[in-house]
Amino acid sequence: MEVYSNENEQVDALKNFFAQNGKALVVGVVLGVGALVGWRYWNNHQDGASREVSAAYQQVSSALDASKPATLEAAAKFANDNNNTYGALASLDLAKRYIDNNQLDKAATQLQSGLQDAKDANLQAVLNLRLARIQLQQKQPDVALKTLESIKGEGWTAIVADIRGEALLSKGDTQGAREAWSKGVASDASSTLKEMLQMKMNNLPG
């Protein structure tokens, strides 16, 4: 059993899983902080087509470079042409590169597009978490809070609490932020994440 303690490792786990598995699988994967989540993915294509899509995804993902517009265009085309999990993962990759270029609007749009392709609740959660963080950067705390409402599952409690607390604090709601982070501390999260949330609570005024 592997425990992925942060979002980046969770995303890498998702990418590696779908890049390496072309057949219909039902595999238990640990997603979220300290939580075991059942991951189910049924491939609707024949094995040959599935391997082709997987290889194409690996190619566009590996080539992505924020400083090379052509690689971003190729990934955007792949995501647009593949209305499936691989397309959603490509959108996740592409959004990160847009963030690297400080193109937050494009990143948000790409994540929203990926959400239309993602059928599994756990992949949807990752996309929504990234989207909420961007919306917070865009100084849209109410929109971010609305996005967080769609994330379900105990495994995401602490990470959602972290972003929710930041959003409420940006609105001047110190008590709300305290309550959000307190919920994260009380969850079944990693000790590192719980300590971080506790530190944020300790630094609140009053």
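Residues numbered from 1 in each chain as written. Predicted model: local features only at pLDDT ≥ 70, side-chain atom pairs only at ≥ 80, totals over all residues. Heavy atoms only, no water.

Student: Got a minute to help me understand the overall build of the protein chain in this structure?
Tutor: Secondary structure assignment for the protein chain yields 10 helices and two strands. Each helix and strand of the protein chain, placed in order from N terminus to C terminus, yields the pattern α-β-β-α-α-α-α-α-α-α-α-α. Out of the 206 residues belonging to the protein chain, those deemed buried represent 49%. Sequence separation of 24 or more characterises 54% of the internal contacts of the protein chain that already satisfy a separation of 6 or more. When the accessible surface of the protein chain is split by element, carbon and sulfur atoms take 48% of a total near 10700 Å². (Helix = DSSP H or I, 4+ residues; strand = E, 2+ residues; numbered from the N terminus. Buried < 20%, exposed > 50% of the residue type's maximum accessible area, 1.4 Å probe, protein only. Contact = heavy atoms within 4.5 Å. Areas by Shrake-Rupley, 256 points an atom, 1.4 Å probe, with all protein chains shown as cover.)

Student: So what exactly am I meant to see when it comes to the confidence of the model for the protein chain here?
Tutor: Note that predicted coordinates carrying low pLDDT should not be read in detail. Looking at the protein chain, pLDDT values average 80 and 76% of them are 70 or higher. Per-element mean pLDDT across the protein chain ranges from 30 in strand β1 (residues 25-30) up to 97 in helix α7 (residues 141-148). Here residues 21-47 is modelled with pLDDT under 50, and outside its nearest four sequence neighbours on either side it reaches 67 contacts, counting other chains as well. (pLDDT = per-residue confidence, 0-100.)

Student: In this structure, what is going on with the layout of surface pockets? I would like to understand it.
Tutor: Gaps left between atoms show up when a probe the size of a water molecule is rolled over them. In this model, the largest pocket occupies a volume close to 250 Å³. If you trace the largest pocket, you find 15 residues lining it, with T157, V160, A161, R164 and K183 closest to the centre. Mapped onto the lining of the largest pocket, the elements with two or more residues apiece are α7, α8 (157-170) and α9 (174-185). Top contributing element to the lining of the largest pocket by residue count: α8, with four residues. Looking at side-chain class alone, the lining of the largest pocket contains seven nonpolar, two polar and six charged residues. (1 Å grid on protein atoms, 1.4 Å probe; cavity = no way out; pocket = protein on both sides within 12 Å on 5 of 7 lines; lining within 4 Å. Points joined across faces, edges and corners; volume = space filled by probe spheres on them. Nonpolar A, V, L, I, M, F, W, Y, C, P; charged D, E, K, R; others polar.)

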